[in-house]
Each structure stands twice: as structure tokens, then as C-alpha cells.
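The primary structure of each chain is shown beneath.
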Amino acid sequence: MTRAIAMCGLLAASGLAGCAPTPAPQPAAPPQRDLVVLAAQPESGEIGRLVVTTSSGTVELARAGESTTVTAGGPPGAVVVLDDAVIRRHFGAALAVQPPAARHFNLYFEVGGNGLTTESRVLVAEVVVTVQGRVAPDVSVTGHTDTTGSAESNVTLGLRRAGLIRDLLVQAGLNPSVIDVVSHGESDLLFATPDNTAEARNRRVEVTVR
Amino acid sequence: MLRLKVGSDKLSRPEHMTHLPFLVPPKLIAMCCLAMLAIAPPVMAQSSDAAGRVKTSIGSASIVRGGQSAPAAVGALVYESDLLRTGADGQLAVMLKDDTRISLGPRSEVALAAFAYAPADGRLAMVLRVARGAMAYVSGRIAKLMPEAVRLETPTSVIGVRGTHALVKVEAP
């Protein structure tokens, strides 16, 4: 029997059709302790992976709706796919208040200057509109550089560029108290490059509206 | 905060500052203040130490910090080590600096046991401890930059997150 249940889990995990209609025990109200479910990303539909570990075992969830129930002292239970109605019953209240996803805007400076490119100037106005449409908004202005020069000098350079964008956003009407200015220097490249590589696409200021 | 009264009630003005309004016009003081703001480092922004902010709060919802509980009002800041708690009619949503979204159903308790989002210093951490109730978690940048830095914990298990959307429910014993 245990083996049949394990097979069920395996079949479900590999995406094959459900188990044969053997009377697999579907406990209506299991004595569960913790329930862990993998869901699709609300906006993109992207599906990640969860690895659930206890002192006596590990289970991996890799498809939307896959779940495991963990009872204290035991290994994570076999993977069970939950349908939307069951997920809503357990998590409906939490899902109902999920905030909208953050929006990101990459702003670029004209080559050799402190002025924004035409496209980026248009984005500044869009940032302001997006902020105005949010409840209790936060804005992060993050300076990024390419990998030319030292990591430390790039943090400073990124911070200076981010400060310029912050000033533009305040001029455009944003409340300075919701704006956070930071620099990630060369630690968060948009396009991966080796060290000491000039790459215009990495020299950007990223504005995040949350 | 120094406040200079420039009304006609000279008697109420402290003796030692009676001459000030004449030497330093209020307009000039205001300009000085603005100039100081302008040269202040931008990293001093008010929310820079916070991990995130409350975006939705319905019914009974609170933030427990250092043993003190305060209502989790919309717009309230959330810090590392804070405990988020909802009552029988409560729902609460928080968004963290790295875009992580956390939302709680009723009768729930989730601690932001660890949070660091400073990629330039190589400091990335996110530990959410679900003590009871239901939590929906949508991963943010920390999970992208360093998946092993993200951990969801329940009383029975540790959950490693490789991106996206996790739902965790803990039945109180």
C-alpha cells in the first residue's frame, strides 16, 4: 500500500496521468501539521522549485499545485497535486491581499553626458504615474555600472548616477521620503560580462516601484 | 526643532533671542534648511534601514517588535526581526525591499527572522519563520541573485526556495 502511494507521488511528479482507480485513501481531514504548496508566479506564470526538508527526509516540489504535508517528527509526505479549489480553501485569504508585483524601469544616460536618453526621459514620466497608482508606494533608485574599474569605485559611481535620477524624480513631483537611493555597483549586471568590460547596457539606473 | 516666532507678541519671546528675527530673516533660514537638505547624502532616505512596508492591512493585524505590539497600519515600515501577526479577522500584506511579497491569512504569525539586501556588500539573506496560519510568498531579487540565501521555516521543516510562489500553512498544535 505504502508503495502504491509512493508510486502515485512519482507519477504525479513526472506529470503522467493520475493513478489507476485503486481505492487510494484520500483523507478528507488529514492530521496535518504543515502544508507546503508550490504555485505559479501570479503574473508571469513562471514555476520555480521548493525543496522541503525535515530531520528525516526531503521532498521536492517542481510543478504548479504540487504539495506535501509534513507531520511533526516524520519525513515530508508524498507529493500530492492540489486543485485550485483546495488551494483557495487553505490560502484564499492570504492570496486575496497579495500586493501587485513591483515594476522596474531601466534608465540610461546619453554617452559621455549627465543627460538621459530620450527614451529614458519618457520613462521618468511613466514612473511618476505608476507611483501615483499605488497604495503606500516605495521607490528604489539603484545605480548600476559595468565592470570597468574597481568594485569600490563603481559603487560610488553608481550612487552618483542614482542621485541624479532621484533629483529628476523629485522635480517630477515624487515625495522624496518614499525614495530610497542605493548603488549595487558592478554586483548586479543586466548582461553578464567578465571583469573590466565596458558594456553600455550595464551602465544604468534602475527604478523600482513597489 | 528651533521655532522662531515673528508675531507682534514680543513679551512672549525668550529674552536671548529677541534680536534673532532681525539678523536672520526667516526666509534665509528656510533657504539654509533647503541647502542642507540638498547636500545631505541621498542614502539617508527615511526608509533605508527598513526591510519593507505594509501594503494591505485588514481587520486585526499587528507588528511585534522587541516584544511591543503595534497595529500594522498601511504604510508602516517592517524591519528585520519583526513578527507579523493577524487575528481571527485579519489579513496582512507586506512587500520587502527586494520585491518579495508576503501575505498572511487570519490567525497567522510569520517572523522576518533574517533580512539583508545589499548585493554590493555581498550581503543577501531572507529567513521567514511561519509559526502558525497561512502565508503566501512570492520570491523577489534575493532569490534570483542567491537562491541559497532564502529559507522558509515551519515548526517541522525547512523549505529551500528556487524562485517564484510558495504557499505555507502551519496548523497550531
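Please read these numbers as outputs of a predicted model, since none were measured by experiment. (Residues numbered from 1 in each chain as written. Chains lettered and ligands numbered in written order. Predicted model: local features only at pLDDT ≥ 70, side-chain atom pairs only at ≥ 80, totals over all residues.)

*Asks:* Where do I start with the overall build of chain B in this structure?
*Replies:* Within chain B one finds 3 helices and 12 strands. The buried share of chain B, taken over its 173 residues, is 40%. A sequence separation of at least 24 residues applies to 49% of the contacts in chain B between residues at least 6 apart. (Helix = DSSP H or I, 4+ residues; strand = E, 2+ residues; numbered from the N terminus. Buried ≥ 20, exposed ≤ 12 C-beta atoms within 10 Å, placed from the backbone. Contact = placed C-beta atoms within 7 Å.)

*Asks:* Looking at this structure, I do not really get the sheet that holds strand 9 (residues 204-209) of chain A. What am I missing?
*Replies:* In sheet architecture, strand pairing relies on hydrogen bonds along the backbone and comes in two forms, parallel and antiparallel. Residues and elements named next belong to chain A. Reading across the sheet, the 4 strands line up as 6-9-7-8 and stay open at both edges, with mixed pairing between neighbours. Single-partner strands in this sheet number two, and they are strand 6 (103-107) and strand 8 (179-185). Averaged over neighbouring strand pairs, the angle between their axes works out to 20° when direction is ignored. Direction of pairing for strand 7 (residues 139-144) relative to strand 8: parallel, over a ladder of 6 bridges. Its bridge partner being in strand 8, Val139 is matched across the sheet by Ile179. (Pairing = 2+ DSSP bridges. Axes fitted to C-alpha atoms, helices over the stretch in contact; angles between N-to-C directions.)

*Asks:* Sorry if this is basic, but what is going on with unusual backbone geometry here?
*Replies:* Note: most residues except glycine have negative phi, and most peptide bonds are trans. All names here are of chain A. One non-glycine residue, Ala136, adopts positive backbone phi at about 45°. Within the secondary structure layout, Ala136 lies in the loop between helix 3 (118-132) and strand 7. Unusually for a residue other than glycine, Asn196 sits at a positive phi of about 55°. Inspection of the secondary structure puts Asn196 in the loop between strand 8 and strand 9. Take Asn196: there are 11 C-beta atoms within 10 Å of it, and that puts it in the exposed class.

*Asks:* It is not clear to me how the interface of chain A and chain B should be interpreted in this structure. Could you clarify?
*Replies:* Buried accessible area, meaning the area lost when the parts come together, often serves as the stated size of an interface. Chain A puts 53 residues into the contact, and the matching count from chain B is 48 residues. Breaking the side of chain A that touches chain B down by element, the ones donating at least two residues are strand 1 (34-39), strand 2 (50-54), helix 2 (84-96), helix 4 (151-171) and strand 8 of chain A. Grouping the constituent residues of the side of chain A that touches chain B by class yields 29 nonpolar, 15 polar and 9 charged. Inspection of the sheet shows strand 2 of chain A paired to strand 11 (residues 158-161) of chain B by 4 bridges, in the antiparallel sense. By the bridge assignment for strand 11 of chain B, Thr53 of chain A is matched with Val158 of chain B. (Nonpolar A, V, L, I, M, F, W, Y, C, P; charged D, E, K, R; others polar.)

*Asks:* Honestly, the environment of Val139 of chain A in this entry has me stumped. Any pointers?
*Replies:* Along the chain, Val139 of chain A turns up in strand 7. Each C-alpha atom of the pair Val139 of chain A and Val127 of chain A lies 9.2 Å from the other, and the pair is 12 residues apart in sequence.

*Asks:* So what exactly am I meant to see when it comes to the pairing of strand 10 (residues 150-153) of chain B here?
*Replies:* Remember that side chains alternate between the two faces of the sheet whenever the strand is regular. All names here are of chain B. The alternating pattern of strand 10 places Val150 and Leu152 on a buried face, while none of Arg151 and Glu153, on the opposite face, is buried. Judged from the 4 bridges that link them, strand 9 (residues 123-138) and strand 10 form a sheet pairing that is parallel. The partner of Met126 across the bridge, within strand 10, is Val150. With 3 bridges joining them, strand 10 and strand 11 adopt antiparallel strand pairing. Each residue of the ladder has a partner; that of Arg151, found in strand 11, is Gly160. The hairpin turn running from strand 10 into strand 11, its antiparallel successor, is 4 residues long.

*Asks:* Mind showing me how you'd approach the pairing of strand 9 of chain A here?
*Replies:* All names here are of chain A. Across the 6 residues of strand 9, 6 count as buried, placing the element largely inside the fold. Here strand 9 shows a buried face lined by Arg204, Glu206 and Thr208 and a second buried face lined by Val205, Val207 and Val209. Pairing geometry for strand 7 and strand 9, over 6 bridges, is antiparallel. What sits directly across from Thr142, in strand 9, is Glu206.

*Asks:* How do you make sense of the nonpolar core when you look at a structure like this?
*Replies:* One recurring pattern in soluble globular proteins is that nonpolar side chains are buried together. If you look at the biggest cluster of nonpolar residues, it comprises 55 residues, and the most contacted ones within it are Val36 of chain A together with Val94, Met135, Tyr137, Ala166 and Val168 of chain B. Counting residues in each nonpolar core, the second largest holds 21 residues, with Val127, Leu168, Val182 and Val205 of chain A among its members. (Core = buried A, V, L, I, M, F, W, Y, C linked by C-beta atoms within 7 Å.)

*Asks:* Explanation requested: the confidence of the model for chain B in the structure shown.
*Replies:* Close inspection of predicted coordinates is inappropriate for parts of the model with low pLDDT. Residue and element names in this part refer to chain B. Averaged over every residue, the pLDDT of chain B is 80; residues scoring 70 or more account for 72%. For the stretch residues 1-24, pLDDT sits under 50, and the model shows 8 contacts to residues farther than four places along the chain or on other chains. Considering only residues more than four positions removed or in separate chains, one finds that residues 32-46, a stretch of pLDDT under 50, has 10 contacts. Interface confidence for the predicted complex, expressed as ipTM, amounts to 0.76; the pTM equals 0.75. (pLDDT = per-residue confidence, 0-100.)

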